[in-house]
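Inside the fold
One letter stands for each residue in the lines below.
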Amino acid sequence: MKFALFGNSYQAKKCSHAERLFELLERHGAELCVSREFYEFLEGQMHLHVPQARLFDGSDFEADMVISIGGDGTFLKAASRVGKKNIPILGINTGRLGFLASIPPEEMEEAFSEIHARRFDVEERSVLQLRCDNPKLMETPYALNEIAVLKRDSSSMITIRAYVNGEFLNTYQADGLIVATPTGSTAYSLSVGGPVIVPHSKTIALTPVAPHSLNVRPIVICDDWEVTLDVVSRSHNFLVAVDGRSAACMESTRLSISRADYTVKVVKRLDHHFFQTLRGKMMWGADVR
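The paragraphs below set out a description of the structure included in this document. The shown structure was predicted, so the numbers you read here are calculated from the model rather than taken from an experiment.

Examining the overall build of the chain
Summing up its helical and strand segments, the chain has 7 helices and 17 strands in all. Projected onto its principal axes, the C-alpha coordinates of the chain cover approximately 60 × 45 × 35 Å. Burial analysis of the chain (289 residues in total) assigns 49% to the buried set. The contacts in the chain between residues at least 6 apart in sequence include a share of 67% that link residues at least 24 apart. Of the roughly 14100 Å² that the chain leaves accessible, carbon and sulfur atoms contribute 49%.

What follows is the structure, encoded as structure tokens:
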């Protein structure tokens with residue numbers, strides 16, 4: 001098999017896992033191409049020998065499978081590079097929680113033996129697409145987790161008028177509003193009181209951030225509906241974050257958010273399911289009394 005490798009270039013102490021990964025790939029006779037920035041980090045800063053591999057920049061690669069070694073942030077960056085290539089992504093977790101990067105380093109050997117034997121699952125995850133007149137945001141308008149509209153400074157709240165399929169939904173007076181996929185429901189949205197949504201539910205969650213009114217609650221809608229947002233701010237600008245990639249917008253900017261025309265393929269080991277991950281990673285339902 002041919003693998004494309006992305007990695008976290010900010011965690012020097014985790015590089016031993018990359019060295020072990022190269023050994024496993026070499027043992028299975030895998031063909032390897034490596035993101036240039038990760039290669040330069042390993043060779044230049046960490047003085048770690050990387051086996052013969054083709055280097056690539058941006059999205060200029062082809063592979064049977066993509067490997068992301070890092071945390072969920074690294075996985076999101078890899079997913080944005082994969083885009084519409086339809087290549088499944090395997091996440092090796094050297095970060096903290098690891099919902100997307102779900103393979104711990106100690107399970108790498110078993111996981112690659114299963115992959116070599118073609119014994120693994122691939123889950124399809126929906127993606128959001130943003131449309132607006134901001135050129136910076138339009139460079140990478142796709143989000144696997146969420147698109148968040150946020151106030152730009154620490155002053156007053158922003159006002160967000162939300163429409164669904166052209167019909168007025170609500171005016172949010174809040175620090176922001178998160179539009180999340182089921183994959184993103186366990187990320188930023190969850191931290192501000194959003195619901196946990198199972199990955200295959202074909203839904204979108206709208207979760208306000210610190211709303212002014214106590215009777216404003218998250219709402220879940222169908223993912224084939226379009227969400228349109230108009231924002232008013234006292235400072236006349238606001239932030240939009242697409243999976244953490246943020247840019248400032250003028251308040252005249254109208255945002256349209258809908259389901260993208262492709263999905264992200266996530267590699268999972270056989271018999272590893274969402275509810276198991278929810279209980280193990282989030283201590284969901286645990287009674288510690």
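From this point, the discussion proceeds with the structure in view.
Describing the pattern of salt bridges
Applying the stated criterion across every chain, the model contains 15 salt bridges. When the shortest N-O distance is used, the salt bridge between R20 and E23 registers 3.3 Å. Remark: E23 and R20 occur in helix 1 (residues 15–27); sequence separation between them is 3 residues, near one turn of the helix. Under the relative-accessibility criterion, R20 is labelled partly exposed at 28%. Each member of the salt-bridge network shares a partner with another, and the members are R20, E23, R27 and E109.

Section: the packing of aromatic side chains
All chains considered together, the criterion is met by 8 aromatic pairs. Both rings, one in F38 and one in F41, keep their centres 6.5 Å apart while their planes meet at 20°; by these two values the pair is stacked. Within this pair, F38 and its partner F41 are both found in helix 2 (residues 36–45), separated by 3 residues, close to a single helical turn. What makes F38 buried here is its relative accessible area of 3%. Cluster of aromatic residues (ring-pair linked, three or more members): F6, F56 and F61. Lying over the aromatic face of F61, K85 brings its terminal NZ or CZ to 5.0 Å of the ring centre. The residue whose ring lies beneath R254 is Y163, and the NZ or CZ to ring-centre distance is 5.8 Å.

As for the environment of V216
For V216, the position within the fold is in the loop between strand 12 (203–209) and strand 13 (219–222). By relative accessible area, V216 is classed as buried at 14%. Placed 42 residues apart in sequence, V216 and A174 show a C-alpha to C-alpha distance of 9.8 Å. With sequence-adjacent residues up to four places away left out, V216 is seen in contact with N170, Y172, P208 and P211.

Section: the side chain of E146
Mapped onto the elements, E146 comes out in strand 8 (residues 146–150). We note that E146 is buried and unpaired, the nearest opposite charge coming from R245 at a distance of 8.7 Å. In this view, E146 contacts I178, V179, A180, G184, A187, Y188, A241, V242, D243 and G244; residues no more than four positions away in its chain are not counted.

Concerning the sheet that holds strand 15 (residues 237–242)
A sheet is described by the order of its strands in space; here 6 strands give the open sequence 13-12-11-8-15-16, paired in antiparallel fashion. Among the strands making up the open sheet, the edge pair consists of strand 13 and strand 16 (245–250). Adjacent strand axes in the sheet meet at a mean angle of 20° when their direction is disregarded.

Examining the nonpolar core
Looking at soluble globular proteins, one finds that nonpolar side chains tend to be buried together. Counting 28 residues, the largest nonpolar core has L130, L229 and V240 as the members making the most contacts within it. For this core, the element with the highest residue contribution is strand 9 (residues 158–164), accounting for 4 residues. Contact partners of L130, with chain neighbours within four places excluded, come to L137, M138, P141, I147, V240, V242, L255, S256 and I257. Counting residues in each nonpolar core, the second largest holds 26 residues, with V50, L90, A111 and F112 among its members.

Analysis parameters
Residues numbered from 1 in each chain as written. Predicted model: local features only at pLDDT ≥ 70, side-chain atom pairs only at ≥ 80, totals over all residues. Heavy atoms only, no water. Helix = DSSP H or I, 4+ residues; strand = E, 2+ residues; numbered from the N terminus. Buried < 20%, exposed > 50% of the residue type's maximum accessible area, 1.4 Å probe, protein only. Contact = heavy atoms within 4.5 Å. Areas by Shrake-Rupley, 256 points an atom, 1.4 Å probe, with all protein chains shown as cover. Salt bridge = Lys/Arg side-chain N within 4 Å of Asp/Glu carboxyl O. Phe/Tyr/Trp six-rings, centres within 6.5 Å; stacked < 30°, edge-to-face > 60°. Lys NZ or Arg CZ within 6 Å of the ring centre and 35° of its normal. Lys, Arg positive; Asp, Glu negative; His and termini not counted. Pairing = 2+ DSSP bridges. Axes fitted to C-alpha atoms, helices over the stretch in contact; angles between N-to-C directions. Core = buried A, V, L, I, M, F, W, Y, C linked by side-chain atoms within 4.5 Å.

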